[in-house]
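Coordinate analysis (summary)
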There are 2 protein chains.
Amino acid sequence: MTTPGGRRVGRPRAVERAGKGADPRGELLGAAAELFTVKGYAATSTRAVAERAGMRQATMYHYVSGKEELLAELLESTVAPSLACARTLLTEDGRGARERLWELCRADVEVLCGGTYNLGGLYLLPEVRGERFAGFRTARDELKAAYRELVAGATSLEGGELDLRTDLVFGLIEGVILIHRSDPTRPVSEFARATADAALRIAGV
Amino acid sequence: MTTPGGRRVGRPRAVERAGKGADPRGELLGAAAELFTVKGYAATSTRAVAERAGMRQATMYHYVSGKEELLAELLESTVAPSLACARTLLTEDGRGARERLWELCRADVEVLCGGTYNLGGLYLLPEVRGERFAGFRTARDELKAAYRELVAGATSLEGGELDLRTDLVFGLIEGVILIHRSDPTRPVSEFARATADAALRIAGV
């Protein structure tokens, strides 16, 4: 079976992967990313993840505590690189806020659209409201605060209007999840630059 | 239990609703909307939907064929009003394309954010790729084509650049799902106008 984006799914990967010698935790995360996005989180059993990663279910528990840990780590992986980028940009006083905001938007879209699977779609799972995902939510809040600081620096907005513009910019960036699904063949780097341009227009700079 | 947005969830509604005399199909759709968005689609059983709607599971099957039909109808309800609005706007030659694009964006955000539950989050379910949801996908495609026609009319864009701008505008509008979750107390009508303004800036008009 081949998806419209050209990725093969549903292959008996457990067999292919066995003996490859890859990092077992990485194998589990890759298998979880595929199954959670293709079949859905609730519909995926820990057993299915283990089998896809080419190991027994009992072995899996040497590496991870279960499905929630895999989901939490996948979600954090969609935020961590952008947050690192944001922290660096916030300290770069030499560049204007407008240019740094553009760069954060571009880099964030690259992260969100750059992986094999559309992990951004997992943000909306009801399960993400749970305590286990507090780390992800905290990182996402810090990232959004960085967007707000750069929007504030690039404009003269403040208060409720600043919050609204920040929400619209951040919403556009996270909304690329939905856009990228509609045309996964579009080159990510070009799409990331166009989205950053659009974000600056929304911010009003 | 109360959500951050102030909506009560998890109440024994089946008891409260019994004997209210509301349309049974509407009761089922309301119960499904609540459970699918609060607990998740895969985690919700048809039995749970029936009980929340105050009826037995066997009775439910007089009104609907199952969970997929409920999900398909809920998804279509997020597109149908905007599509009707778009069809009307496309025929209104007397108004400029810019003004009609703004109005479509505003109306669409009102639909997406106006309900009690955030149904837009259901767009990303893997199940929606199935045959049962072809009607929803067709309606959404037609809505997106209307956006494209209005963006084309309001700008001088064509070809790939027109597609990209349309994707960004449409992505912002559907992305309001994510934004509205972050501050559900913001008045929808004000938010819808601000989003329409932002969409015009993205379109470049």
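Residues numbered from 1 in each chain as written. Chains lettered and ligands numbered in written order. Predicted model: local features only at pLDDT ≥ 70, side-chain atom pairs only at ≥ 80, totals over all residues. Heavy atoms only, no water.

An unreviewed UniProt entry annotates chain A as TetR/AcrR family transcriptional regulator of Streptomyces roseirectus.

Comments concerning the overall build of chain A
Across its full length, chain A holds 9 helices and 0 strands. Listing every helix and strand of chain A by position from the N terminus yields α-α-α-α-α-α-α-α-α. The buried share of chain A, reckoned over its 205 residues, is 50%. Long-range pairs, those at least 24 residues apart, make up 68% of the contacts in chain A with a sequence separation of at least 6. Within the structure as shown, chain A displays about 9100 Å² of accessible surface, and the carbon and sulfur contribution to it stands at 50%. (Helix = DSSP H or I, 4+ residues; strand = E, 2+ residues; numbered from the N terminus. Buried < 20%, exposed > 50% of the residue type's maximum accessible area, 1.4 Å probe, protein only. Contact = heavy atoms within 4.5 Å. Areas by Shrake-Rupley, 256 points an atom, 1.4 Å probe, with all protein chains shown as cover.)

Structural notes on the state of the cysteines
Residues and elements named next belong to chain A. Under the counting rule described, the total for this entry stands at 0 disulfides over all chains. As a non-bridged cysteine, C105 has C85 as the owner of its nearest cysteine sulfur, 10.0 Å distant. The exposure class of C105 is buried, given its relative accessible area of 0%. (Disulfide = S-S within 2.5 Å.)

Considering the pattern of salt bridges
Evaluated as defined, the whole model comprises 28 salt bridges over all chains. Across the salt bridge formed by B:E99 and B:R95, the nearest N and O atoms sit 3.3 Å from each other. On the basis of relative accessible area, B:E99 is assigned to the partly exposed category, the value being 43%. Judged by relative accessible area, which is 28%, B:R95 ranks as partly exposed. Linked through salt bridges whose partners overlap, the residues forming this network are A:R25, A:E69 and A:E73. (Salt bridge = Lys/Arg side-chain N within 4 Å of Asp/Glu carboxyl O.)

Observations regarding the interface of chain A and chain B
Contact with chain A, which involves 35 residues of that partner, is made by 36 residues of chain B. Carbon and sulfur atoms make up 63% of the area that chain A and chain B hide from each other, which totals about 3000 Å². Its largest share of buried area at the contact with chain B, chain A owes to A:L124, A:L178 and A:R201, together 23% of the area lost on that side. Residue B:R186 is joined to A:D167 by a salt bridge in which the shortest nitrogen-to-oxygen separation is 2.4 Å. The class makeup of the residues in the side of chain A that touches chain B is 17 nonpolar, 7 polar and 11 charged. (Buried area = accessible area lost by both parts, 1.4 Å probe. Nonpolar A, V, L, I, M, F, W, Y, C, P; charged D, E, K, R; others polar.)

What to know about the UniProt feature "DNA-binding region" (unreviewed entry) in chain A
As recorded in UniProt, the sites labelled "DNA-binding region" (unreviewed entry) are residues 45-64 of chain A. Structurally, residues 45-64 of chain A is divided into 55% helix and 0% strand, and its ends, taken at the C-alpha atoms, are 14 Å apart. (UniProt positions renumbered as here; feature names shortened; annotations may be inferred.)

A look at the relation of the copies chain A and chain B
The two copies are related by a screw motion: chain A maps onto chain B through a turn of 180 degrees and a shift of 0.0 Å along the axis, at an RMSD of 0.0 Å. Those values place the two copies in the arrangement expected of a two-fold rotation axis. Comparing interface residues between copies, 100% of those in chain A also sit at the interface in chain B, which points to an isologous, same-surface contact. (Least-squares fit on C-alpha atoms with pLDDT ≥ 70 in both.)

Description of the packing of aromatic side chains
How two aromatic rings sit relative to each other is set out by the distance from centre to centre and by the angle between their planes. Tallied over the full model, the rule gives 6 aromatic pairs over all chains. Between A:Y147 and A:F170, the aromatic rings sit 5.2 Å apart at their centres with planes inclined by 65 degrees, giving edge-to-face as the arrangement. Within this pair, whereas A:Y147 is found in helix α7 (residues 134-154), its partner A:F170 is found in helix α8 (residues 159-182), the two being separated by 23 residues in sequence. Both residues of the pair, A:Y147 and A:F170, count as buried. Taking 4.8 Å as the distance between ring centres and 75 degrees as the angle between the ring planes, the aromatic pair formed by B:F36 and B:Y41 counts as edge-to-face. With respect to class, B:F36 is no different from B:Y41; both count as buried. A cation over a ring is seen here: A:K67 above A:Y41, with NZ or CZ 4.5 Å from the ring centre. (Phe/Tyr/Trp six-rings, centres within 6.5 Å; stacked < 30°, edge-to-face > 60°. Lys NZ or Arg CZ within 6 Å of the ring centre and 35° of its normal.)

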